[in-house]
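Summary of the model geometry
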Amino acid sequence: MKDWEESFKFRLAEFLRAEQFIFNAPMKNYTTFKIGGAADVLIFPSSAADVSKIFKLVNEFKLPCVVLGNGSNVLVRDKGIRGVVVKFTEKFFGDMRCDGQRLTVCAGAKLKDVSYFAAENGLTGMEFAVGIPGSIGGAIFMNAGAYDGEMKNTVASVKAVNRDGDFVEFSGASLHLGYRHSIFQENGCAICEVELILQRGTFDEIRNKMADFTQRRESKQPLDMPSAGSTFKRPKGHFAGTLIDKTGLKGLKIGGAMVSEKHAGFVVNTGGATAEDVLNLIEEVKRRVCEAHGVMLTPEVRIIGED
């Protein structure tokens with residue numbers, strides 16, 4: 001145990017339940033890639049007040065701190081993460097409520113559940129997100145999108161906590177939502193609550209659209225293997241998966257990491273892959289695609305932790 005951990009644990013226990021924090025937490029158990037070394041401490045807040053107290057404590061102890069959602073768009077390096085990881089989960093921070101055409105959703109709620117909740121309330125606009133394996137907080141952070149839909153089209157405002165532990169609110173243009181981008185990638189704030197404004201729709205049409213998107217995703221994507229979702233951003237004028245496929249890289253393997261044979265835009269964990277395997281494979285794919293097509297791919301996956 002590191003010098004600071006005992007006193008930090010004591011302070012956490014003053015406002016969190018024992019099940020809300022884990023020391024020396026193996027991050028492979030908390031990411032969809034099933035890869036990554038241990039975090040010094042992993043914390044699951046259950047309210048914005050918790051987040052505020054955690055950030056103030058982190059500042060007092062002068063610790064580095066990373067914020068995660070569902071862990072679906074990240075690769076944790078093999079030596080893990082020093083300091084604190086604050087992780088939003090549906091168990092502790094996933095409440096949703098509906099008021100007319102307005103949904104208020106806590107950051108840990110899964111996108112699939114938000115889509116179904118909207119459908120149950122006769123609201124359309126979140127069907128595109130039914131198969132995205134992330135939380136609503138992570139979806140705002142990345143401005144997640146699929147099938148011509150994106151979070152930018154539905155989000156009205158976000159309540160967050162800044163790194164000083166202060167409560168802040170963002171709306172409209174201040175969210176800076178663009179292709180796989182939001183203001184939260186620069187300001188370090190933790191997204192706590194999201195307000196969505198949706199449109200009235202018919203239940204059958206909404207569910208039919210969700211079923212169609214689900215079928216398309218299941219038929220085309222390697223959902224049976226651990227991954228972080230799409231590995232690369234879409235290059236201007238191209239599709240990353242198409243370029244990788246045309247380069248003949250489906251099935252290319254380094255260690256336990258492989259370019260999916262089902263969809264070339266995904267790097268998958270075939271079992272026991274390390275972060276080093278994935279990073280080496282990403283670099284090899286980038287090199288070969290650039291050599292063949294003159295296009296340099298950029299990873300969409302967020303890479304965190306120690307080398």
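So, here's what we can say about the structure. (Residues numbered from 1 in each chain as written. Predicted model: local features only at pLDDT ≥ 70, side-chain atom pairs only at ≥ 80, totals over all residues. Heavy atoms only, no water.)

A word on the overall build of the protein chain
A count of helices and strands for the protein chain gives nine helices and 18 strands. Relative to the compact-globule value of 19 Å for 307 residues, the protein chain shows a C-alpha radius of gyration of 20 Å, a close match. Residues counted as buried form 51% of the 307 residues belonging to the protein chain. When the accessible surface of the protein chain is split by element, carbon and sulfur atoms take 48% of a total near 13,900 Å². For the protein chain, the distance from the average site of its 39 positive side-chain charges to the average site of its 38 negative ones is 2 Å. (Helix = DSSP H or I, 4+ residues; strand = E, 2+ residues; numbered from the N terminus. Rg over C-alpha atoms; globule rule 2.2 N^0.38 Å. Buried < 20%, exposed > 50% of the residue type's maximum accessible area, 1.4 Å probe, protein only. Areas by Shrake-Rupley, 256 points an atom, 1.4 Å probe, with all protein chains shown as cover. Lys, Arg positive; Asp, Glu negative; His and termini not counted. Charge placed at Lys NZ, Arg CZ, Asp CG, Glu CD.)

Considerations on the sheet that holds strand β13 (residues 190-197)
If you trace the five strands from one edge of the open sheet to the other, you get β6-β7-β13-β11-β12, paired in antiparallel fashion. Whereas interior strands pair on both sides, the edge strands pair on one side only; in this sheet they are β6 (96-99) and β12 (167-171). With direction set aside, neighbouring strand axes in the sheet form an average angle of 15°. Pairing analysis gives five bridges linking strand β7 (residues 102-106) to β13, with the strands arranged antiparallel. Across the sheet, the residue bridging to C106 is E193, located in β13. Set on the sheet, helix α4 (residues 111-120) makes contact with β6, β7 and β13; between it and β6 the angle comes to about 30°. (Pairing = 2+ DSSP bridges. Axes fitted to C-alpha atoms, helices over the stretch in contact; angles between N-to-C directions. Contact = heavy atoms within 4.5 Å.)

Side note on the packing of aromatic side chains
Summed over the entire model, instances satisfying the criterion amount to eight aromatic pairs. Taking the centre distance of 5.8 Å and the plane angle of 20° together, the rings of F44 and F92 count as stacked. Within this pair, whereas F44 is found in the loop between β2 (38-43) and α2 (48-61), its partner F92 is found in helix α3 (residues 90-93), the two being separated by 48 residues in sequence. For F92, a relative accessible area of 13% gives the class buried. With centroids separated by 5.1 Å and ring planes inclined at 80°, the aromatic side chains of F170 and F184 adopt a geometry described as edge-to-face. With a gap of 14 residues between them, F170 in strand β12 and F184 in helix α6 (residues 184-187) connect regions that are remote in the sequence. Taking the relative accessible area as the measure of exposure, F184 reaches 2% and is therefore buried. Here the aromatic residues W4, F8 and F61 are joined through ring pairs into a cluster of three or more. (Phe/Tyr/Trp six-rings, centres within 6.5 Å; stacked < 30°, edge-to-face > 60°.)

Some details on the environment of V295
Of note, V295 is situated in the loop between α9 (275-293) and β18 (302-304). A relative accessible area of 12% places V295 in the buried class. Considering only alpha carbons, one finds V295 and L243, 52 residues apart in sequence, at a separation of 8.6 Å. What V295 contacts, discounting residues up to four positions off in sequence, is P235, H238, L243, V289 and C290.

As for the packing of helix α1 (residues 5-12) against α2
Between α1 and α2, the least distance of the axes is 11 Å, while the angle of their chain directions is 155°. Relative to α2, the element α1 is oriented roughly antiparallel. Here α1 runs over α2; the crossing is right-handed. Between α1 and α2, the contacting residues are S7, F8, R11 and L12 on the first element and L57, V58, E60 and F61 on the second. Classifying every residue of the contact of α1 with α2 by side-chain character gives five nonpolar, one polar and two charged. (Parallel < 35°, antiparallel > 145°, perpendicular 65-115°, else oblique. Left-handed = near helix turned anticlockwise from the far one by under 90°. Nonpolar A, V, L, I, M, F, W, Y, C, P; charged D, E, K, R; others polar.)

Examining the state of the cysteines
Per the stated rule, a full pass over the model turns up zero disulfides. The thiol of C65 is not disulfide-bonded; the next cysteine sulfur, from C192, is found 12 Å away. (Disulfide = S-S within 2.5 Å.)

What about the environment of T214?
One can find T214 in helix α7 (residues 203-220). Residue T214 is classed as partly exposed on the basis of its relative accessible area of 24%. Along the sequence, T214 and I132 sit 82 residues apart, while their C-alpha atoms lie 9.6 Å from each other.

Structural notes on the pairing of β12
Note: strand β11 (residues 155-161) against β12, five bridges, orientation antiparallel. Across the sheet, residue S157 finds its bridge partner in β12, namely S171.

A word on the sheet that holds strand β1 (residues 21-26)
What the four strands build is an open sheet, ordered β1-β2-β5-β3; its pairing is mixed. The open sheet has two free edges, formed respectively by β1 and β3 (65-68), since each of these has just one partner strand. The average undirected angle you get between the axes of adjacent strands in this sheet is 30°. Across four bridges, the pairing between β2 and strand β5 (residues 81-87) is parallel.

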